[in-house]
Amino acid sequence: MSPRTIDMHAHVLVPEVEEMVAGEPGRAAEAAFQARSSTRASNDHNRHLFADVYGPKLTDIPTRLRDMAAMGIEMQAVSLSPTQYHYWAEPPLAEKLVEAANNRLAGICRDNPANFVGLGAAALQHPSLAVEQLRHAVKDLGLRGVEISTRVGVRELADPGLEPFWAAAEELGAVVFIHPLGCTLGERIAPHYLGNVIGNPVETTVALSHFIFSGILERYPGLRIIAAHGGGYLPFYIARSDHAYAVRPESHSTPHQPSHYLRRIWFDALVYAPEAVATLVAQVGASQVVLGTDYPFDMGIDNPLERLAAVPGLSESDRTAITGANAARLLGLE
């Protein structure tokens, strides 16, 4: 029997990865880029949170299991903290980073099979290597797929060089969880923690728009894509994309309008307000929405079932689907 409550958006931190990147120039450059869309106050507060609050939750399984029980969550689909993508790494280091991350995730799942399934990592900056890592993760380690960012350096997810990765993901039936790290708007959104507050949803909106308009979902209709944070702003304003498809020749790039492809993607329900969840369901269908907490970060939530219960207009079958049945189907747990 599959779990009744599944959180599709929950992170872990792999200490071995942190040790491997310490002192690397690429890591320093990445940190400098992230700092441009934040302030010193936000960066200092985040360092405190990682050291004193997030640390045990990201690394200690008994702590995590207690928190899951308090939330009413039976299973988490665990994925890396996005701070551990490290798409700057050259092949030798990238191999080691992904190997360490995926072995740790697989170990968590192997030791606690009733509570965890894993979404591993892949070095998308090296597409052929990423395909090998994806195959190993799914075929050999038993992971259910991978987590990726909304872009890979300067590459969009629709970059032609990534086509082999999407073909492999479809072939393997692998879940691909799209989760942003930072935002390209830079200093404009540094104050007030806007780099996360609006930056993360902006990045997901841009990534999914490239994904849809480029025709990836037309070429690979079997892809199992899930987008974090309710898919950013796209599901709530998809009518504008449909309008562009109707009136702009350069936007008429696929056989169907964008909303058709939007309904082929899964989304977590981490949009905070019950009415927002209702709108998300109205746009994409209850079959495409799953629970997500963003555990253990402060922009996440710790009462997903309570919030789902407050969503207006859902049938009991809808609630059952969103609580766990959709995720079980997506993950192949049925």
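Attention in this report is confined to the structure presented alongside it. (Residues numbered from 1 in each chain as written. Predicted model: local features only at pLDDT ≥ 70, side-chain atom pairs only at ≥ 80, totals over all residues. Heavy atoms only, no water.)

## Digging into the packing of aromatic side chains
Going by this rule: Pairing of aromatic side chains requires ring centres within 6.5 Å, counting the rings of Phe and Tyr and the six-membered ring of Trp. Pairs whose planes differ by under 30 degrees are stacked, by over 60 edge-to-face, and all others tilted. Secondary structure is summarised from DSSP: a helix means a run of H or I of at least four residues, a strand means a run of E of at least two, and numbering begins at the N terminus for each. Classification of residues uses two cut-offs on accessible area relative to the type maximum, computed with a 1.4 Å probe and protein chains only: under 20% is buried, over 50% is exposed, and between them is partly exposed.
Evaluation of the coordinates by the stated rule reveals six aromatic pairs. Pairing Trp166 with Phe211 gives two aromatic rings, centres 4.9 Å apart and planes at 80°, and the pair type is edge-to-face. Here Phe211 lies in helix α9 (residues 199-213) and Trp166 lies in helix α7 (residues 163-172), a separation of 45 residues in the sequence. Taking the relative accessible area as the measure of exposure, Trp166 reaches 0% and is therefore buried. Since its relative accessible area comes to 0%, Phe211 is described here as buried. Every member of this aromatic cluster is reached through a ring pair, and the members are Phe50, Tyr54 and Phe297.

## Some words on the nonpolar core
Heads up, the condition is: Throughout, nonpolar core names a set of buried Ala, Val, Leu, Ile, Met, Phe, Trp, Tyr and Cys residues whose side chains join them through atoms within 4.5 Å. When checking whether two residues touch, look at their non-hydrogen atoms; a contact exists if any pair is within 4.5 Å.
If you look at the biggest cluster of nonpolar residues, it comprises 81 residues, and the most contacted ones within it are Leu124, Leu134, Ile148, Leu157, Phe165, Trp166 and Leu223. The dominant element in this core, judged by the number of residues it contributes, is helix α5 (residues 91-111), at 10 residues. Excluding anything up to four places from it in sequence, Leu124 contacts Tyr87, Ala130, Ile148, Val152, Arg155, Leu157, Leu162 and Phe165. Core analysis: the next-biggest nonpolar cluster, separate from the first, contains 17 residues, Met8, Val175, Val290 and Leu330 among them.

## Some remarks on unusual backbone geometry
Backbone torsion omega between Tyr295 and Pro296 reads 0°, so that peptide bond is classified as cis. Look at His229: it is not a glycine, yet its phi comes out positive at around 55°. Relative to the helices and strands, His229 is located in the loop between β8 (224-227) and α11 (238-247). What makes His229 buried here is its relative accessible area of 11%. Notably, Asp294 is not glycine yet its phi reads approximately 60°, a positive angle. Relative to the helices and strands, Asp294 is located in the loop between β10 (289-290) and α14 (304-309).

## What about the pairing of strand β3 (residues 116-120)?
Spelled out, the test is: Pairing between two strands is assigned when DSSP locates at least 2 bridges connecting them. We call a crossover right-handed when, viewed with both strands directed away from the observer, the connection leading from the first strand over the helix to the second proceeds clockwise.
Within β3, five of the five residues are buried, leaving the element largely enclosed by the surrounding structure. Neither face of β3 is left uncovered, since the one carrying Phe116, Gly118 and Gly120 and the one carrying Val117 and Leu119 both have all their residues buried. Direction of pairing for strand β2 (residues 75-80) relative to β3: parallel, over a ladder of four bridges. Residue Val78 lies in a different strand from β3, and its bridge partner there is Gly118. Read as a crossover between parallel neighbours, the route from β2 over α5 to β3 is right-handed.

## Comments concerning α5
Each full turn of the α-helix corresponds to 3.6 residues, which orients residues three or four apart in the same direction. Our working rule: Take the number of residues in a helix, subtract one, and multiply by 1.5 Å to get its expected span.
Over its 21 residues, α5 extends 30 Å from the first C-alpha to the last, a length consistent with the 30 Å expected when each residue adds 1.5 Å. Each element contacted by the buried residues of α5 is listed here: β1 (6-12), α1 (15-21), α4 (61-71), β2, β3 and α6 (127-140).

## A look at the pairing of strand β7 (residues 175-178)
Burial along β7 is two-sided: the residues Val175 and Phe177 and Val176 and Ile178 are all buried. Bridge analysis of strand β4 (residues 145-148) against β7 gives four bridges, and the strand direction is parallel. Considered in β7, the bridge of Gly145 is made with Val175. Pairing analysis gives four bridges linking β7 to β8, with the strands arranged parallel. Each bridged residue has a counterpart across the sheet, and for Val175 the counterpart in β8 is Arg224.

## Considerations on helix α15 (residues 316-331)
Let me state the cut-off plainly: The bend at a residue is defined as the angle formed between two axes, one fitted to the seven residues ending at that residue and one fitted to the seven starting there.
For α15, spanning 16 residues, the distance from its first C-alpha to its last is 22 Å, which sits close to the expected 22 Å at 1.5 Å a residue. When the local axis directions of α15 are compared, the greatest deviation, roughly 60°, occurs at Ile322. Along α15, the positions that sit buried rather than exposed are Arg319, Ala321, Ile322, Thr323, Gly324, Asn326, Ala327, Ala328, Leu330 and Leu331. Phi turns positive, to about 75°, at Gly332, one or two residues after α15.

## Observations concerning the pattern of salt bridges
Stated formally: What counts as a salt bridge is simple: a side-chain nitrogen of Lys or Arg found within 4 Å of a carboxyl oxygen of Asp or Glu.
Under the criterion given, the structure shown has 11 salt bridges. Between Arg47 and Asp44 there is a salt bridge, and its shortest N-O distance comes to 2.3 Å. Taken together, the residues Arg47 and Asp44, both in helix α3 (residues 40-59) and three residues apart, mark about one turn of the helix. Taking the relative accessible area as the measure of exposure, Arg47 reaches 53% and is therefore exposed. Through salt bridges with shared partners, a single network forms among Arg40, Asp44 and Arg47.

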